[in-house]
Amino acid sequence: MVSANREMVVYCFDALVAHYNGEEAPPPAFDEGQHPLFVTWKKAVNGGEPRLRGCIGTLEARCIVNGFKDYALTSALRDRRFPPIQAKELPNLECTVSILTNYEPARDYLDWEVGKHGIIIEFADPDYNTRRSATYLPEVAAHEGWTVIEAIDSLIRKAGYSGKITGQLRKSIQLTRYQSTLFTMHYGDYVAYVKTIRGAAPTINGAKPTNY
């Protein structure tokens, strides 16, 4: 099984830096494979808790080289919840890559464990006669301090349902649980790593030089 690793995060930073510079990213230093994956960007300011800045991925297996490149840019620049990340924000960014594994249908909406499983829910919206779905990665519920039911109710809202959340609605949910491996790196660690491996720190058009 392929696990998320440092080279995958470096490649995501490379892809974003290359975008700002109008260049092609250097080739990745990890092997090709087919896996579901996500890329998450967070921003920490003045030593505070890193806050979500973008997170997009795919629940379907795809080639991870193009996948990480595409979703590094999509999550940074086209997550509709946030304005696009600007080059000047790079020094405050951290990136997490996730590779999803072990998909399995749950018995019901309670059949999963906070901190271990990511979840995908699907249900019928009784108000609009439409199907809705959404996912949380395994680390989300634990980070937010949610119980199983609090996470389910939040995910129902994320799926776009605005009506009353009832026990009947929860029981109607089809839930798939999964696990993931992940790797997180701050921009400063990325710069130091690139210096060591390539002999020079990355330079970014539109960003002030940063000393690490």
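Since this is a predicted model, take the numbers as computed values, not measurements.

Trainee: Sorry if this is basic, but what is going on with the UniProt feature "domain: AMMECR1" (unreviewed entry) in the protein here?
Mentor: The sites that carry the UniProt feature "domain: AMMECR1" (unreviewed entry) are, in the present numbering, residues 1-194. A distance of 27 Å separates the end C-alpha atoms of residues 1-194, which is 31% helix and 33% strand.

Trainee: Is there a simple way to think about the side chain of threonine 101 in this case?
Mentor: By the element assignment, threonine 101 lies in strand E3 (residues 93-105). A residue is classified by how much of its surface remains accessible, and threonine 101, at 9% relative accessible area, is buried.

Trainee: Explain the nonpolar core to me, please; I cannot follow it from the model alone.
Mentor: Across soluble globular proteins, nonpolar side chains show a tendency to be buried alongside one another. Core analysis: the biggest nonpolar cluster contains 39 residues, and Phe13, Leu16, Trp41, Phe68, Leu90 and Tyr190 have the highest contact counts within it. Of all the secondary structure elements, the ones that give two or more residues to this core are helix H1 (6-21), strand E1 (34-43), helix H2 (64-77), E3 and helix H6 (187-198). No other element matches the eleven residues that H1 contributes to this core. Leucine 90 has contacts with Phe13, Leu16, Val17, Tyr20, Tyr187 and Ile204, leaving out every residue within four places of it along the chain. Ala134, Tyr136, Val148 and Ile165 belong to the second-largest nonpolar core, a separate cluster that totals 20 residues.

Trainee: What's the story with the packing of aromatic side chains in this structure? I'm lost.
Mentor: Aromatic rings in a pair are described by how distant their centres are and how their planes are angled relative to each other. Following the criterion strictly, the structure yields nine aromatic pairs and no others. Judged by centre distance (6.1 Å) and plane angle (90°), the ring pair of phenylalanine 30 and phenylalanine 68 falls under edge-to-face. Taken together, the positions of phenylalanine 30 in the loop between H1 and E1 and phenylalanine 68 in helix H2 put the pair 38 residues apart, joining distant regions of the chain. The class of phenylalanine 68 is buried, set by a relative accessible area of 0%. For the ring pair tyrosine 187 and tyrosine 190, a centre distance of 5.7 Å and an interplane angle of 45° mean the geometry is tilted. Taken as a pair, tyrosine 187 and tyrosine 190 lie in helix H6 at a separation of three residues, close to a single helical turn. In this pair, the class of tyrosine 187 matches that of tyrosine 190, namely buried. Members of the aromatic cluster, each reached through a chain of ring pairs, are Phe13, Trp41, Tyr187 and Tyr190.

Conventions adopted
Residues numbered from 1 in each chain as written. Predicted model: local features only at pLDDT ≥ 70, side-chain atom pairs only at ≥ 80, totals over all residues. Heavy atoms only, no water. UniProt positions renumbered as here; feature names shortened; annotations may be inferred. Helix = DSSP H or I, 4+ residues; strand = E, 2+ residues; numbered from the N terminus. Buried < 20%, exposed > 50% of the residue type's maximum accessible area, 1.4 Å probe, protein only. Core = buried A, V, L, I, M, F, W, Y, C linked by side-chain atoms within 4.5 Å. Contact = heavy atoms within 4.5 Å. Phe/Tyr/Trp six-rings, centres within 6.5 Å; stacked < 30°, edge-to-face > 60°.

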